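The residues making up each chain are set out below.
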Amino acid sequence: MSSKKGEATFYVSSGQPENKEKLSDGSYEFGNKSSSLFKPGKTKEVHPWLKFKETITIKTETLDNFCRSKSISNIDFIHMDVQDAELMVLQGGVNMLPNVKSIWLEVEKIALYKKQALKNNIEKFLDEKKLLAL
């Protein structure tokens, strides 16, 4: 999900901190959870073991388009952890958001990725759209 339908560069993460072990089958790589639509910034300072060696091109879709295409008119709960692209997802769902009962999202107070929206940006967007309920 993003703010527009199209294509985007996706920064693929990898790596493993020294104090974390893989599962016994070797299938789990701890660092594969930090991939993002945003180029890494302070992410590598905070987590120096994280690697961003690869980018791929992905297709993006908006929440509004997705819900329209699937005839979804209401959503009870959205759990959103999209590595600091939360504002982009919200912007792409501006028409659907009034029909969402609850959203849980992860935001940062410092920019771990370049050009990411921070907590105050998300709050401002939701407040301007009359969607902020504390």
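Residues numbered from 1 in each chain as written. Predicted model: local features only at pLDDT ≥ 70, side-chain atom pairs only at ≥ 80, totals over all residues. Heavy atoms only, no water.

Describing the confidence of the model for the protein
Okay, step 1: With 90% of its residues at a pLDDT of at least 70, the protein reaches an overall mean of 89.
Okay, step 2: The weakest mean pLDDT in the protein belongs to helix H1 (residues 43-46) at 87; the strongest belongs to helix H2 (residues 63-69) at 98. (pLDDT = per-residue confidence, 0-100. Helix = DSSP H or I, 4+ residues; strand = E, 2+ residues; numbered from the N terminus.)

A word on helix H4 (residues 119-128)
Okay, step 1: Buried residues of H4: Ile-122, Phe-125 and Leu-126, and no others. Seen from one end, H4 has its buried residues packed into an arc of 95 degrees, which puts them on one side. Of the residues in H4, the exposed ones pointing more than 90 degrees away from the buried face are Asn-120, Lys-124 and Glu-128.
Okay, step 2: Tucked inside the fold, the buried residues of H4 contact helix H3 (86-91) and strand E4 (100-105).
Okay, step 3: Of the residues trailing H4, Lys-130 is marked for its positive phi of about 60 degrees. (Buried < 20%, exposed > 50% of the residue type's maximum accessible area, 1.4 Å probe, protein only. Arc of directions from axis to C-beta. Contact = heavy atoms within 4.5 Å.)

Considering a nonpolar patch on the surface
Okay, step 1: Where nonpolar side chains cluster on the molecular surface, the patch consists of Met-1, Phe-66 and Ile-72 and spans about 230 Å² of accessible area.
Okay, step 2: Looking at where Met-1 falls in the secondary structure, it is placed in the segment before strand E1 (6-14). (Patch = residues over 30% accessible without salt bridge, like charges linked within 9 Å, V, L, I, M, F, W, Y side chains within 5 Å. Areas by Shrake-Rupley, 256 points an atom, 1.4 Å probe, with all protein chains shown as cover. Salt bridge = Lys/Arg side-chain N within 4 Å of Asp/Glu carboxyl O.)

Comments concerning the nonpolar core
Okay, step 1: Within the largest apolar cluster, 15 residues are counted, with the highest numbers of intra-cluster contacts made by Leu-63, Ile-75, Ile-78, Leu-90, Leu-97, Ile-122 and Phe-125.
Okay, step 2: Of all the secondary structure elements, the ones that give two or more residues to this core are H2, strand E3 (75-80), H3 and H4.
Okay, step 3: In contact with Ile-78, other than residues within four places in its own chain, are Leu-63, Val-100, Ser-102, Ile-103 and Trp-104.
Okay, step 4: Within the second largest apolar cluster, eight residues are counted, among which are Leu-37, Phe-38, Phe-52 and Ala-85. (Core = buried A, V, L, I, M, F, W, Y, C linked by side-chain atoms within 4.5 Å.)

What about the pattern of salt bridges?
Okay, step 1: Using the criterion set out here, one finds four salt bridges in the structure.
Okay, step 2: One salt bridge connects Lys-124 with Glu-128, and the closest N-O pair in it is separated by 3.9 Å. With a gap of four residues between them, Lys-124 and Glu-128 both fall in helix H4, about one helical turn apart.

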